[in-house]
Amino acid sequence: MWERFSYYGMRALLIFYLTQHWLYNDEKASVIYGAYTALVYIAPVLGGYLADKYLGQRKAVLFGAVLLTFGHFFMAFEGDGSLGQANPMIDVFWLALAFIIVGSGFLKANISVIVGQLYPRTDIRRDGAYTIFYMGINVGAAVGTIIAGYLGQTYGWAYGFGAAGFGMLLGLIVFIVFKPLLLGKGESSVPEKLASPFMGIKFEWFLYLVGVGAVAVTWWLVQNQAIVGSILGVFGGLLVAFVIWEAIKIGGHDRDRIFAAIFLIIGSILFWALFEQAGSSLNLFTDRYVDRQGVSASIFQSINPIYIILLAPLFAGLWTWLARKGLEPSTPAKFGLAIIQLGAGFLVLVAGANAVGMEAMTPVIFVFLIYLLHTTGELCLSPVGLSAMNRLAPAHMASLIMGTWFFASATGNFAAGLIAAATGSEAASGEGAAKETVLAVYSQIGWVAVGVGVAVIVISPVIRKMMHLDTLRDDDVGNDLAGQSEAGLEAQQAGVHPATRP
């Protein structure tokens, strides 16, 4: 919750910070925003791999929280706003983004894996549990957006970003203090390796230095957005090829499940490319073309998480109730429904804006409606996708598959930046023409999304069959009671407790 407080509090202000403080035009600011959010979702591949292989999820989350705390506090150093990009503090700004990106990489995938470890793979409560987890995340997102957004746009950028940093610090404290509630989940599988010497220091500390080195590399990447796009293309292809190769080696039903997961991952790319207009082009549209009744535009970023807080319990209960009745839509069908609702949201906003004309301000009700449809779509895809990745992945590939899921989000976020840049095209001259350009792009992507969503629903039975849910079994964690499989076959002497297997 506190990590989302900090991240979304900063995110609500970022596009305005780029255009109003650093004086980037809309097109360049959108590309920077897209590259930044893409790198946030690429980084979990590294963090997930190191957690799976060496650190364990808990230590990876702890290290990520430390980096995030530094990053958010660095955002509070803004310098002289009149200088624009000539302000020397811009290097500190890039460094802050780099800390936040790498910190998110160690935290995002691994915190979701820890949630999955608390529930058996066959437990019907998993989708509901992830939805409640998602609701908790969005409590932080809503409160962070309102507090940081209000402070940043009312009293100054440093106050908004400083509040986000304070939220991350609280998150770090909560994670340390309440460690016992994890019940020992998420610990390293090779603690002796972490304690062994490597290049004159403990191997664990060497891994942390790798993380710091990643901050330096990211500092350069976030300033060179075109290279980020190339990395997404090359690295994405290699990552998918590696996952497919691992799946082929495994064979059997696990192979099919991984292929089903890859289909869901690819489908999520389109969803996030359109959904993430919220922080960039939709944020700017709300600021310039919506009758906000004097409310700061950044505050409207809280609508989505507030909807999630209100609707998540209903969706969690609905999925569980339908599952018990045998009527729950399959995971791929939920994805199709999500993409349809996403497209419908854009079409509703376009219809509302066109109804009042290009010269009039768009009624605020249509902003609430687009966020409502995007939120119900998100609840059909994001928590369900997190649960599916954890359920479909073999135990030894859990964080890798989760990292690949977040990599798809990275690709979607980068594409979102390109789409947002198209809405801010310099070819549009005059306010009315600029508004018309935005609405034309929104109309096009809205109809594409509806069409793709229908196609996903049509082929969802095939993907569901590949998931082999009927043969899904929980992993043997190595602590079954001796003789457990024969329980009930013979009487047990009163007061005798069977030994546990080593």
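Now for a description of the structure that goes with this document. Numbering of residues starts from 1 in every chain and runs along the sequence as written. Owing to the predicted nature of the model, reporting of local features is limited to residues with pLDDT of at least 70; listing and counting of side-chain atom pairs is limited to 80 or more, with chain, interface and lining totals taken over all residues. The basis for every side-chain value is the complete set of non-hydrogen atoms in the structure, without hydrogens or water.

1. Things to note about the pattern of salt bridges
Salt bridges are defined as contacts in which a side-chain nitrogen from Lys or Arg sits within 4 Å of a carboxyl oxygen from Asp or Glu. This structure, assessed with the given rule, holds 10 salt bridges. Between Glu 204 and Lys 59 there is a salt bridge whose closest N-O contact spans 3.3 Å. One end of the pair, Glu 204, is in helix 8 (residues 203-221); the other, Lys 59, is in helix 3 (residues 57-74), with 145 residues separating them in the sequence. In this structure Glu 204 comes out as buried when scored by relative accessible area, which is 10%. Three labels apply to residues, based on accessible area from a 1.4 Å probe with only protein chains included: buried if under 20% of the type maximum, exposed if over 50%, partly exposed otherwise in between. Residue class for Lys 59 comes out partly exposed when judged on its relative accessible area of 22%. The closest approach of N and O atoms between Lys 334 and Glu 328, which form a salt bridge, is 2.6 Å. We count a stretch as a helix when DSSP gives it H or I for four or more residues in a row; a strand needs E for two or more, and each element gets its number in order from the N terminus.

2. A closer look at the nonpolar core
Throughout, nonpolar core names a set of buried Ala, Val, Leu, Ile, Met, Phe, Trp, Tyr and Cys residues whose side chains join them through atoms within 4.5 Å. One finds Tyr 36, Met 75, Phe 93, Met 389 and Trp 405 to be the most contacted residues of the largest nonpolar core, which totals 126 residues. Should any heavy atoms of two residues lie within 4.5 Å, those residues are considered in contact. Excluding residues that lie within four positions of it along the chain, Phe 93 makes contacts with Leu 14, Tyr 17, Leu 18, Trp 22 and Met 75. Leu 50, Ala 98, Val 102 and Val 215 belong to the second largest nonpolar core, which has 17 residues in total.

3. Thoughts on helix 13 (residues 331-356)
A rise of 1.5 Å per residue sets the reference length of helix 13, with its 26 residues, at 38 Å; its end C-alpha atoms lie 39 Å apart and thus fit the reference within 8%. At the C-terminal side of helix 13, Gly 357 shows a positive phi close to 95°. The length a helix should cover is 1.5 Å for every residue beyond the first.

4. Here we look at the side chain of Asn 283
Relative to the assigned elements, Asn 283 resides in helix 11 (residues 281-289). Excluding residues that lie within four positions of it along the chain, Asn 283 makes contacts with Ala 12, Ile 15, Phe 16, Gln 277, Ala 278, Ala 297, Ser 298 and Gln 301.

5. Re helix 9 (residues 225-250)
For helix 9, built from 26 residues, the straight-helix expectation of 38 Å at 1.5 Å per residue is met to within 8% by its first-to-last C-alpha distance of 37 Å. For helix 9, the full list of buried residues reads Gln 225, Val 228, Leu 232, Gly 236, Leu 239, Val 243, Glu 246 and Ala 247. Of the surrounding elements, those touching the buried residues of helix 9 are helix 2 (26-55), helix 8, helix 10 (252-275) and helix 15 (398-423). Of the residues trailing helix 9, Gly 251 is marked for its positive phi of about 70°.

6. Description of the environment of Thr 471
On the secondary structure map, Thr 471 appears in the segment after helix 16 (431-467). Since its relative accessible area comes to 30%, Thr 471 is described here as partly exposed. Between N or O atoms, a polar contact is any pair within 3.5 Å; within protein, one atom must be a potential hydrogen donor and the other a potential acceptor, and residues adjacent in sequence are included only when both atoms are from side chains. Of the polar contacts made by the side chain of Thr 471, one reaches the side chain of Arg 257; its length is 2.9 Å.

7. Digging into a nonpolar patch on the surface
Together, Phe 73, Phe 166, Leu 169, Ile 173, Val 174, Ile 176, Val 177, Phe 178 and Leu 181 give the surface a local cluster of nonpolar side chains, amounting to about 830 Å² of exposed area. With six residues, helix 6 (residues 157-177) is the largest single contributor of residues to the nonpolar patch. Secondary-structure assignment places Val 177 in helix 6. Surface patches are defined over residues having more than 30% relative accessible area and no salt bridge, joining like charges when they lie within 9 Å and nonpolar side chains (Val, Leu, Ile, Met, Phe, Trp, Tyr) when within 5 Å. The method behind every accessible area is Shrake-Rupley, applied with a 1.4 Å probe, and residues are considered shielded solely by the protein chains displayed.

Note that every value here comes from positions in space, so none of it alone points to a role or purpose.
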